[in-house]
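# Examining the three-dimensional arrangement
Listed below are the residues making up each chain.
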Amino acid sequence: MSTDKDKKPREAAAMPSRRRWLKGLGALGGALALRGASAAPAAGDSPGTLSPDARWQRQPFYGLHQAGITTPQQAAMMLVAFDVLADDKDSLRRLFRLLTDRIAFLTEGGRAPAVDEKLPPMDSGILGERIAPDNLTMTVAVGDSLFDQRFGLAPRKPRRLQKMTRFANDALDADLCHGDLLVQICANGSDTLIHALRDIIKHTPDLLGVRWKREGFISAGAARSQGKETPINLLGFKDGTGNPDTRDPALMDRVIWVGTGADEPAWAVNGSYQAVRIIRFHVESWDRTPLHEQQTIFGRDKRTGAPLGMAREHDVPDYGQDPHGRVIPLDAHMRLANPRTPATQDSLMLRRGYSYSLGVSRSGQLDMGLLFVCYQHDLAKGFLTVQQRLNGEALEEYIQPIGGGYFFALPGVAGPGGYLAQGLLA
Ligand SMILES: C=CC1=C(C)c2cc3[nH]c(cc4nc(cc5[nH]c(cc1n2)c(C)c5CCC(=O)O)C(CCC(=O)O)=C4C)c(C)c3C=C
Ligand SMILES: [Fe+2]
């Protein structure tokens, strides 16, 4: 029998830390067992679940607005665009009722009904027998193409909804653009996103076809902080600092939600315009760019996230004191995006960005970037105006938008019995 003494020096040196690690796992198991009864792992829970508390975290499905817009960013996000295969308004209604039922179930959690072994199981099984909600939100939005001749919905289209067209720096890939529907799925874990998507696909074979899909992430720490810590993007900058405060309902009414006084169809009230952009980063050249240049491109300190010349992340720059851009250049990304003048106050938006990282391009470059998602009460005043101001910015050398689309996030479902898009299809 071999002992620690018989091992080669490097292996023997590794043993104590291995033991410490195993002991640590034992202590973790003990800590989990001490937690509340509902949080304790149960037979059938997803294997490898380290934090049952997080698995049973829930976001309410019913409400005036859909969840997943002002909800603090969960760790994982999937964007799935669908083509609608329904061929008349009744089947479209069946689709939205089905989507509503599935989302209500998946966000609440529970057991999938058992079926005869001769039939396909009702659930993929990838989350175990007991399907945990895992802080899941599924936000459904409709695209411009849903309002074509198929369902007779053209007169009911949200007035600012339009097909995304190309900006000068775009290299749009047709396979990554547009869609009749866009479902933004967010949760604590990626397995929950995949489970939710497969559930939707399984229940809608005659109604939906997947058009494109992308997955993204933010750091576990930023997600756990419930919005207190700003996520860092793959260029190494805190991204989301300047967002309006989602805990301020009056501000959200002004910036995000379509209101009753808006020049929009009545069914659209409490919905929101969603702009999605898949933006690739040229990280190799960015990583060879001097820190000073990186910081002046954004207008913020890379480490602290503070505006240049200021100390703290949430300090508010006074551009009136810096009219020539000596501290924060006039063409810095943050200054162009939000010049903070009375005239530009109506171009505010809520950003909900996630990083993505895929493989390597044919020329050996890393394929990674940002799934940029933003919400606003008016697409033209929000995203389109801001993007126009950003056109030609210094950041463009390091980024390339390759896909996305414009959508309208439906109003929420008030309670059981109601369904998504009910007002639109009434
Ligand atoms: C059209 C809207 C915007 C696009 C597209 C966009 C792309 C983009 N942004 C970053 C990184 C950062 N953006 C930051 C601020 C910021 N960006 C927008 C809008 C778009 N960004 C706004 C409205 C703001 C807020 C400005 C403000 O209120 O001061 C920042 C600074 C930190 C922060 O406030 O979040 C960073 C960093 C990337 C990498 C990117 C596309 C590749
Ligand atoms: Fe930005």
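Residues numbered from 1 in each chain as written. Chains lettered and ligands numbered in written order. Predicted model: local features only at pLDDT ≥ 70, side-chain atom pairs only at ≥ 80, totals over all residues. Heavy atoms only, no water.

### Considering the overall build of the protein chain
For the protein chain, the count of helices and strands is 11 helices and 11 strands. The buried share of the protein chain, taken over its 426 residues, is 48%. Residue pairs at least 24 apart in sequence account for 77% of intrachain contacts in the protein chain once pairs closer than 6 positions are excluded. As displayed, the protein chain offers around 20,800 Å² of accessible surface, 54% of which is attributable to carbon and sulfur atoms. (Helix = DSSP H or I, 4+ residues; strand = E, 2+ residues; numbered from the N terminus. Buried < 20%, exposed > 50% of the residue type's maximum accessible area, 1.4 Å probe, protein only. Contact = heavy atoms within 4.5 Å. Areas by Shrake-Rupley, 256 points an atom, 1.4 Å probe, with all protein chains shown as cover.)

### Concerning the site of ligand 1
Every one of the 25 residues lining ligand 1 counts as a neighbour, but G240, G242, N338, R340 and R351 are closest to it. Within the backbone of G242, an N or O atom sits 2.7 Å from an oxygen atom of ligand 1. N338 is positioned such that a nitrogen or oxygen atom in its side chain is 3.0 Å from an oxygen atom of ligand 1. Contact with the protein chains hides 97% of the accessible area of ligand 1, taken as 780 Å² for the molecule alone. Secondary structure elements with two or more residues in the shell around ligand 1: β7 (272-281), α9 (333-337), β10 (366-376) and α10 (380-390). Per-element tally for the shell around ligand 1: the top contributor is α10, with 4 residues. (Near = heavy atom within 4 Å. Polar contact = N/O pair within 3.5 Å; in protein donor to acceptor, adjacent residues only side chain to side chain.)

### Let's talk about the pattern of salt bridges
Side chains that differ in sign of charge can pair as their charged atoms come close. Enumeration according to the criterion identifies 23 salt bridges in this entry. Note that D191 is salt-bridged to R55, the shortest N-O span being 2.7 Å. Residue D191 is located in helix α4 (residues 190-203), and its partner R55 is located in helix α2 (residues 52-55); the two are separated by 136 residues in the primary sequence. The partly exposed category is assigned to D191, whose relative accessible area is 24%. Take R55: its relative accessible area is 13%, and that puts it in the buried class. Across the pair D170 and R277 runs a salt bridge whose closest N-O atoms are separated by 2.8 Å. Of this pair, D170 sits in the loop between β4 (137-143) and β5 (181-187) while R277 sits in strand β7, placing them 107 residues apart in sequence. R277 shares its class with D170; the two are buried. Residues participating in the shared-partner salt-bridge network are R159, R160, D263, E264 and D378. (Salt bridge = Lys/Arg side-chain N within 4 Å of Asp/Glu carboxyl O.)

### Quick word on the nonpolar core
Core analysis: the biggest nonpolar cluster contains 72 residues, and F96, L181, I185 and F383 have the highest contact counts within it. With 7 residues, the single largest contributor to this core is helix α3 (residues 89-108). Beyond its immediate stretch of four places on either side in the chain, I185 contacts A76, M77, M78, V80, L136, T137, M138, L193, A196 and L197. In terms of nonpolar packing, the next biggest core, distinct from the first, is built from 30 residues, I69, M252, Y356 and F407 among them. (Core = buried A, V, L, I, M, F, W, Y, C linked by side-chain atoms within 4.5 Å.)

### Thoughts on α3
Compared with the 28 Å implied by 1.5 Å per residue over 20 residues, the 29 Å span of α3 between its first and last C-alpha is a close match. Within the span of α3, buried status applies to S91, L92, L95, F96, L99, T100, R102, I103, A104, L106 and T107. Taken together, the buried residues of α3 touch β1 (76-84), β4, β5, α4, β6 (208-217) and α11 (422-425). Near the N-terminus of α3, the side chain that reaches the backbone nitrogen of D90, with its oxygen 3.3 Å away, is that of D88. (Expected span 1.5 Å × (residues − 1).)

### Topic: the UniProt feature "domain: Dyp-type peroxidase C-terminal" (unreviewed entry) in the protein chain
The residues that UniProt annotates with the feature "domain: Dyp-type peroxidase C-terminal" (unreviewed entry) are residues 230-413. In residues 230-413, helix accounts for 19% and strand for 22%; the two terminal C-alpha atoms are 30 Å from one another. (UniProt positions renumbered as here; feature names shortened; annotations may be inferred.)

### With respect to the UniProt feature "binding site: protoporphyrin IX" (unreviewed entry) in the protein chain
Per the UniProt record, "binding site: protoporphyrin IX" (unreviewed entry) is found at R300. When residues no more than four places from it in sequence are discounted, the contact partners of R300 are F237, T241, Q295, G305, A306, P307, L308, E313, M334 and R340. Within polar-contact distance, the side chain of R300 engages the backbone oxygen of G305 at 2.7 Å.

### Quick word on a nonpolar patch on the surface
Residues V115, L119 and M122 make up a contiguous nonpolar surface patch of about 230 Å² in total accessible area. Along the chain, M122 turns up in the loop between β2 (110-111) and β3 (130-131). Given the relative accessible area of 34%, M122 is considered partly exposed. (Patch = residues over 30% accessible without salt bridge, like charges linked within 9 Å, V, L, I, M, F, W, Y side chains within 5 Å.)

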